[in-house]
Amino acid sequence: MSTQPVVAAVDGSDDSLRALEWALDAAHRRKAPLRVAHVRQYALWGRPDAAPAGLPTAEDDPVLGLVRGRLEDRTDLPAVDFVALDGAPGAVLPELGAMAQLLVLGSRGRGGFTSLLLGSNSLAAARDAECPVVVVPRPGRDTGTPAEGAGADDDPGAAGAGPGVVVGVNVDSPDEATLAFAFREAALRGAGLGVLAAYPWPLQTWMLPGEMPAPQIDRSAVEHETRILADGFLAPHRERHPEVTAGIRALPGDAAGHLVAASEGAGLVVVGRHRRRLLAPARMTGSVTQAVLLHAASPVAVVPPAPAPPQE
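A quick note: this is a predicted structure, and the numbers were derived from the prediction, not measured.

S.K.: I tried to follow the overall build of the protein on my own but got confused; where do I start?
M.R.: From N to C terminus, the protein includes eight helices and 10 strands. Across the protein, the fraction of contacts at a sequence separation of at least 24, relative to all contacts at a separation of at least 6, is 79%. Within the structure as shown, the protein displays about 16000 Å² of accessible surface, and the carbon and sulfur contribution to it stands at 56%.

S.K.: Explain unusual backbone geometry here, please?
M.R.: Backbone phi values are negative for most residues with the exception of glycine, while trans is the configuration of most peptide bonds. Even without a glycine there, the phi angle at Lys31 is positive, about 55 degrees. Of note, Lys31 is situated in the loop between α1 (14-30) and β2 (34-40). Not every positive phi belongs to a glycine, and Asp76 is a case in point at roughly 60 degrees. With respect to the element layout, Asp76 can be found in the loop between α2 (62-71) and β3 (80-86). The class for Asp76 is exposed, based on a relative accessible area of 64%.

S.K.: It is not clear to me how the packing of helix α5 (residues 176-189) against helix α6 (residues 219-240) should be interpreted in this structure. Could you clarify?
M.R.: Each pair of packed helices gets described by two things: the angle between the helix axes and the distance between those axes. Relative to each other, α5 and α6 sit at 45 degrees, their axes nearing to 10 Å. In terms of orientation, α5 and α6 fall into the oblique class. Judged by the twist between their axes, the crossing of α5 over α6 is right-handed. In this structure, α5 uses Glu176, Leu179, Ala180 and Phe183 to contact α6, whose residues at the interface are Phe233, Leu234, His237 and Arg238. Of the residues belonging to the contact of α5 with α6, the class tally is five nonpolar, one polar and two charged.

S.K.: Honestly, the nonpolar core in this entry has me stumped. Any pointers?
M.R.: Across soluble globular proteins, nonpolar side chains show a tendency to be buried alongside one another. Judged by nonpolar contacts, the single largest core of 45 residues is most densely connected at Val6, Leu34, Val104, Leu193 and Val270. When residues in this core are grouped by element, the largest group, eight residues, is from α1.

S.K.: What is the right way to look at the sheet that holds strand β1 (residues 6-9) in this model?
M.R.: Paired through backbone hydrogen bonds, the strands of a sheet run either parallel or antiparallel to each other. Spatially, β3-β2-β1-β4-β5-β10-β9-β6-β7-β8 is the arrangement adopted by the 10 strands of the open sheet, whose pairing is mixed. Either end of the sheet is taken by a strand with one partner, and the two such strands are β3 and β8 (246-252). Recorded for the sheet is a direction-independent mean angle of 25 degrees between the axes of neighbouring strands. Of the pairings in the sheet, the one linking strand β6 (residues 164-168) to strand β9 (residues 266-272) comprises four bridges and is parallel in character. In the strand pairing of β9, Val167 is matched with Val270. Sitting on the sheet, α6 is in contact with β7 (193-199) and β8, with an inclination near 150 degrees to β8. The strands touched by helix α7 (residues 255-262) within the sheet are β6, β7, β8 and β9, with β7 carrying the most contacts at an inclination of about 155 degrees.

S.K.: Would you mind showing me how to read the packing of aromatic side chains here?
M.R.: Both the distance between ring centres and the angle between the ring planes are used here to describe each pair of aromatic rings. Taken as a whole and assessed by the stated rule, the structure comprises zero aromatic pairs. Geometry around Phe82 places Arg68 over its ring, the cationic atom sitting 4.3 Å from the centre.

S.K.: What is the right way to read the pattern of salt bridges from this model?
M.R.: A side chain with one charge may pair with a side chain of the opposite charge, provided their charged atoms come close. The final tally for this structure, using the stated rule, is 12 salt bridges. Residue Arg70 pairs with Glu21 through a salt bridge whose shortest N-O separation is 3.2 Å. Taken together, the residues span a long stretch of sequence, with Arg70 in helix α2 and Glu21 in helix α1 at a distance of 49 residues. Residue Glu21 is classed as partly exposed on the basis of its relative accessible area of 27%. Notably, a salt bridge pairs Asp81 with Arg35, separated by 3.1 Å at the nearest N-O pair. Remark: Arg35 occurs in strand β2 and Asp81 occurs in strand β3; sequence separation between them is 46 residues. Taken together, the shared-partner salt bridges in this structure form one network comprising Asp15, Arg18 and Arg138.

S.K.: For this particular structure, what's the right way to read helix α3 (residues 89-96)?
M.R.: Looking at α3, one finds that the buried residues are Pro89, Val92, Leu93, Pro94 and Leu96. Of the surrounding secondary structure, the elements contacted by the buried residues of α3 are β1, β2, β3, β4 (102-106) and α4 (120-128).

S.K.: Explanation requested: the pairing of β6 in the structure shown.
M.R.: Side chains on a regular strand alternate between the two faces of the sheet. The element β6 is largely enclosed, with a buried count of four among its five residues. For β6 and β7, the ladder comprises four bridges, and the chain directions are parallel. Within β7, the residue paired with Gly168 across the bridge is Leu196. As for the winding sense of the linkage, the β-α-β connection from β6 through α5 to β7 is right-handed.

S.K.: Looking at this model, I keep getting lost on the side chain of Thr289. Mind explaining?
M.R.: Mapped onto the secondary structure, Thr289 falls in helix α8 (residues 287-295). In this view, Thr289 contacts Val271, Gly272 and Val302; residues no more than four positions away in its chain are not counted.

S.K.: Would you mind going over the environment of Pro305 with me for this structure?
M.R.: If you trace the backbone, Pro305 turns up in the segment after β10 (300-303). Linking Pro305 and Thr178, residues 127 residues apart in sequence, is a C-alpha distance of 7.1 Å.

S.K.: Explain the packing of α1 against α5 here, please?
M.R.: Relative orientation of the contacting elements α1 and α5 amounts to 85 degrees, with a least axis distance of 10 Å. As the angle between them shows, α1 and α5 are arranged roughly perpendicular. Across from Trp22, Arg29 and Arg30 in α1, the residues of α5 making contact are Phe181, Arg184, Glu185, Leu188 and Arg189. Here the contact of α1 with α5 is built from residues that sort into three nonpolar, no polar and five charged.

Criteria and cut-off values
Residues numbered from 1 in each chain as written. Predicted model: local features only at pLDDT ≥ 70, side-chain atom pairs only at ≥ 80, totals over all residues. Heavy atoms only, no water. Helix = DSSP H or I, 4+ residues; strand = E, 2+ residues; numbered from the N terminus. Contact = heavy atoms within 4.5 Å. Areas by Shrake-Rupley, 256 points an atom, 1.4 Å probe, with all protein chains shown as cover. Buried < 20%, exposed > 50% of the residue type's maximum accessible area, 1.4 Å probe, protein only. Axes fitted to C-alpha atoms, helices over the stretch in contact; angles between N-to-C directions. Parallel < 35°, antiparallel > 145°, perpendicular 65-115°, else oblique. Left-handed = near helix turned anticlockwise from the far one by under 90°. Nonpolar A, V, L, I, M, F, W, Y, C, P; charged D, E, K, R; others polar. Core = buried A, V, L, I, M, F, W, Y, C linked by side-chain atoms within 4.5 Å. Pairing = 2+ DSSP bridges. Phe/Tyr/Trp six-rings, centres within 6.5 Å; stacked < 30°, edge-to-face > 60°. Lys NZ or Arg CZ within 6 Å of the ring centre and 35° of its normal. Salt bridge = Lys/Arg side-chain N within 4 Å of Asp/Glu carboxyl O. Right-handed = clockwise from strand over helix to strand, strands pointing away.

These results come straight from atomic positions and should not be treated as a statement about function.
Laid out in structure tokens, this is it:
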């Protein structure tokens with residue numbers, strides 16, 4: 001197991017305390033230490049009379065003190081350390097991912113508009129951190145969609161104890177890091193893995209004047225081809241994790257909608273982050289990932305893409 005910590009970002013809000021509990025469980029499963037971090041947004045540059053020496057340390061930070069009190073009577077805790085940092089949370093939180101195997105946050109913090117479904121700091125961490133980021137939503141979130149199921153075959157979570165894990169796979173450009181994380185998480189939980197592969201339907205065809213219409217495309221053939229492609233991408237991960245039962249569902253239409261629906265019965269939804277492209281070098285979460293972060297009922301793990309192979 002990695003000795004890098006699982007990092008829980010806290011600010012004293014109920015959302016961050018729920019993220020703390022999720023991070024504690026993740027640290028136990030990984031046999032990893034837990035780091036509790038509080039990023040304090042003090043505008044020292046706006047107050048010339050404010051002395052940095054006057055700021056509370058990790059030992060007397062009130063938010064970290066709240067967490068210490070919450071944990072003091074717990075038994076069987078992993079190794080825990082506490083870190084107090086100063087700066088803009090949207091910039092500092094992603095930096096914590098450079099020395100972590102997992103960064104865990106609540107969907108909302110103390111600041112901003114309470115009506116928003118996702119806070120700017122959580123979005124920044126999911127977009128920019130070098131490690132996978134788990135965003136824990138508020139309980140009872142209404143996805144507005146019927147549950148699709150969360151695990152292998154018709155009941156993918158039934159393969160083991162605990163809620164199932166769901167992962168989305170794009171058969172046009174699958175990301176190995178996302179699949180590897182999903183299989184490992186399912187193995188750690190002793191749970192089934194549901195793989196959702198969406199394909200576009202109905203297909204859009206464009207014709208120039210005078211062109212003949214394309215032959216009718218059979219939807220069942222598209223679904224079958226999507227399933228075959230997804231199955232091939234899963235093969236090496238199944239070999240590494242034979243204990244994980246992974247079932248594929250090939251579904252027509254909106255990938256984000258299917259993943260959000262599946263989150264109703266899942267313990268975790270795993271999605272990938274966009275790989276940087278030549279004409280779009282900035283990091284992006286992607287439209288599907290952002291929609292899942294906004295609407296999923298379960299925690300969502302956003303996995304950075306595997307490094308691109310070196311150019312010869």
